[in-house]
Amino acid sequence: MQRTLRYIATACAIIAATPAAALDASAINQARYSDTLPEGRSAMMVKLQVLLDRADVSPGVIDGRWGGNTQSAVRAFEEVVGLPVDGQPDQRLWRRLTGSGEMADIVAPYTISQADADRLRPDLPEDYAELAAMDWLGHTSVAEAVAEKFHMDVDFLRDLNAGVRFTVGARVMVVRPGEDLDTPVRRVVADKSANRLHAFDAEGTRIASYPVTIGSSQLPSPSGTHEVVGIAVEPTYAYKPDENFQQGDNDEQLTLPPGPNGPVGMVWIDLSKPTYGLHGTSDPATIAKTVSHGCVRLTNWDALELARNLDPGVPVEFMQ
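Sequence order as written defines residue numbering, which begins from 1 separately in each chain. Only residues with pLDDT of 70 or above have their local features reported here, since the model is predicted, and side-chain atom pairs are shown and tallied only from 80 upward, although totals for entire chains, interfaces and linings are computed over all residues. As a rule here, side-chain values cover all heavy atoms of the structure and leave hydrogens and water aside.

Side note on the overall build of the chain
Then, number 1: Elements are defined by DSSP. Helices are runs of H or I of four residues or more, strands are runs of E of two residues or more, and each kind is numbered from the N terminus. If you tally the helices and strands in the chain, you get nine helices and 13 strands.
Then, number 2: What you see for the chain is a C-alpha radius of gyration of 20 Å, in line with the 20 Å of a compact globule of 320 residues.
Then, number 3: With respect to the three principal axes, the spread of C-alpha positions in the chain is 55 × 45 × 35 Å.
Then, number 4: When the accessible surface of the chain is split by element, carbon and sulfur atoms take 48% of a total near 14,300 Å².
Then, number 5: Measuring between centres, the 28 positive side-chain charges of the chain sit 6 Å from its 43 negative side-chain charges. We compute the radius of gyration over the C-alpha atoms and compare it with the globule rule, which gives 2.2 Å times the number of residues raised to the power 0.38. Accessibility throughout is a Shrake-Rupley quantity obtained with a 1.4 Å probe, and a residue counts as covered only by protein chains that appear here. Charge counting treats Lys and Arg as positive and Asp and Glu as negative, with His and both chain ends excluded. By convention, the charge on Lys lies at NZ, on Arg at CZ, on Asp at CG and on Glu at CD.

See below:
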């Protein structure tokens, strides 16, 4: 999966002219809040992203870089806890995320398992007809599989483990994201202006928030409120060029196999609006940075978490 991110400068920090220090587990675990952010990846930003993830406010891929998804996660967290809403990290937000301590367990060792190396599919073709002939659209490498398991950008994972071969039995350092949400979701709001999807419990409390890609000007997402009618984990993908879009020269209907690198990733949440749904993605680094074919796209881990807490009949409101 391609992991290229654009960086968004904000007024919350004075960008240092000196290069960022090399990151390791110790630097990240011991990171403290500073209103001066180093250029590029920083230990403080890794920690901020992990803490937001643990607070059920997803920053998308954890890569240690300030950007639009982290900024929208900060804003969503501010809304939930009652801080002034400006989308800028400050000392008050840091204290609410860290509580009474500085959270020194952000990065920890992990031993690569056989499951991480199973069902890999290196060099996946782009052509849908070729993909349709396969049986599984798996991760292309062990590093990609491990990165997705821990909500990480794959390049960040490799940099954090420079010189380590990603093979079964190898010990690597990974971030420790939050536990999966375990509360029934009774209402979902897709906020088009913020590129975020918010989940609410039966009392109307926002219990989770995720960055999303929502439609495009050519293929906009629906308006109004629709219902969840079905949920499929590891779904196949029905390619219908006459109804949605045409990929390459493929003008016939195709059925693509399931897998994390499929067009809808690991989850399809079907909506009462025909052909529309909430789903995962093969490229989590592009969430909220590109457009979709009308559906709502999440990272695979966020889509799976949401799906586990949803039932048919839950309303999904598209808010402009």
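From this point, the discussion proceeds with the structure in view.
Digging into the environment of leucine 310
Then, number 1: The residue leucine 310 is located in the loop between helix 9 (300-308) and strand 13 (315-319) in this model.
Then, number 2: Each C-alpha atom, one on leucine 310 and one on glycine 82, is 26 Å from the other, the two residues being 228 residues apart in sequence.
Then, number 3: The contact partners of leucine 310, leaving out residues within four places of it in the chain, are Val185, Val188, Val228, Ile231 and Ile269. Any two residues whose heavy atoms approach within 4.5 Å are treated as being in contact.

A word on the sheet that holds strand 3 (residues 187-191)
Then, number 1: The criterion for strand pairing is that DSSP finds at least two bridges linking the strands in question. Across the sheet, nine strands lie side by side as 5-4-3-13-7-10-11-12-6; this open sheet has mixed pairing. In this open sheet, the two edge strands, each paired with only one partner strand, are strand 5 (206-211) and strand 6 (213-214).
Then, number 2: In this structure, strand 4 (residues 196-200) lies alongside strand 5, joined through five bridges in antiparallel fashion. Directly across from histidine 198, in strand 5, lies its bridge partner serine 209.
Then, number 3: Orientation is described by axes fitted as lines to C-alpha atoms, over the contacting stretch for helices, and by angles from 0 to 180 degrees between their N-to-C directions. Across the sheet, helix 9 lies against strand 3, strand 4, strand 5, strand 7 (224-233), strand 10 (267-271) and strand 11 (277-279), angled at about 55° from strand 10, the strand it touches most.

Regarding the side chain of lysine 47
Then, number 1: Turning to its location among the elements, lysine 47 is positioned in helix 2 (residues 43-54).
Then, number 2: A polar atom in the side chain of lysine 47 sits 3.0 Å from the backbone oxygen of alanine 31.
Then, number 3: When neighbours within four sequence positions are excluded, lysine 47 is seen to be in contact with Ile28, Asn29, Gln30, Ala31, Arg32, Trp94, Glu102, Met103 and Ile106. Definition of a polar contact: a pair of N or O atoms within 3.5 Å, with one able to donate and the other able to accept a hydrogen when the atoms are protein atoms, and with sequence-neighbouring residues admitted only if both atoms are side-chain atoms.

A few points about helix 7 (residues 142-149)
Then, number 1: Most of helix 7 is tucked away, with seven of its eight residues classed as buried.
Then, number 2: As for helix 7, its buried residues are in contact with strand 1 (107-111), helix 5 (114-117), helix 8 (154-160), strand 2 (171-175) and helix 9.
Then, number 3: Histidine 151, located one to two residues past helix 7, shows a positive phi value of around 65°. The buried label applies to any residue whose accessible area, calculated with a 1.4 Å probe on protein chains only, is under 20% of its type's maximum; exposed applies above 50%, and partly exposed to all values in between.

Some words on the pairing of strand 5
Then, number 1: Of all six residues that make up strand 5, five are buried, and the element is covered over most of its length.
Then, number 2: In this structure, the hairpin formed by strand 4 and strand 5 is closed by a connection of five residues, where glycine 204 is found at a positive phi of approximately 85°.

Regarding the nonpolar core
Then, number 1: Only buried Ala, Val, Leu, Ile, Met, Phe, Trp, Tyr and Cys residues count toward a nonpolar core, and they belong to the same one when joined by side-chain atoms within 4.5 Å. Counting residues in hydrophobic clusters, the biggest one holds 44 residues, and the most contacted among them are Leu48, Met152 and Phe156.
Then, number 2: Contributions of two or more residues to this core are made by helix 1 (25-29), helix 2, helix 3 (68-81), helix 4 (91-98), strand 1, helix 7, helix 8 and strand 2.

Considering the packing of aromatic side chains
Then, number 1: Note on ring pairs: Phe, Tyr and Trp rings are taken, using the six-membered ring of Trp, and paired if centres are within 6.5 Å. Classes follow the plane angle, with under 30 degrees stacked, over 60 edge-to-face and the rest tilted. Counted under the stated rule, the structure contains six aromatic pairs.
Then, number 2: With 6.2 Å between their ring centres and 85° between their planes, tyrosine 128 and tyrosine 237 make a pair best called edge-to-face. Pair noted here: tyrosine 128 is in helix 6 (residues 128-132) and tyrosine 237 is in strand 8 (residues 237-239), with a separation of 109 residues, a long-range link. One exposure class covers both tyrosine 128 and tyrosine 237, and it is buried.
Then, number 3: Ring centres of tyrosine 128 and tyrosine 239 lie 5.2 Å apart, and the angle between their planes is 85°; on these two criteria the pair is classed as edge-to-face. One end of the pair, tyrosine 128, is in helix 6; the other, tyrosine 239, is in strand 8, with 111 residues separating them in the sequence. The burial state of tyrosine 128 is the same as that of tyrosine 239; both residues are buried.
Then, number 4: Of the aromatic side chains, those joined through ring pairs into one cluster are Tyr128, Tyr237, Tyr239 and Phe245.
Then, number 5: Whether a charge sits over a ring comes down to the Lys NZ or Arg CZ being within 6 Å of the ring centre and within 35 degrees of the ring normal. Above the ring of tryptophan 136, the side-chain terminus of arginine 119 is found at 3.6 Å from the ring centroid.
Then, number 6: For arginine 187, the ring lying beneath its charged end belongs to phenylalanine 200, and the centroid distance is 4.8 Å.

Re the pattern of salt bridges
Then, number 1: The salt bridge criterion pairs a side-chain nitrogen of Lys or Arg with a carboxyl oxygen of Asp or Glu, the two atoms within 4 Å. Following the criterion strictly, the structure yields eleven salt bridges and no others.
Then, number 2: With a closest N to O distance of 2.9 Å, glutamate 79 and arginine 206 form a salt bridge. Linking glutamate 79 in helix 3 with arginine 206 in strand 5, this pair joins segments that are 127 residues apart in sequence.
Then, number 3: Sharing partners across several salt bridges, the network here consists of Arg54, Asp105 and Arg176.

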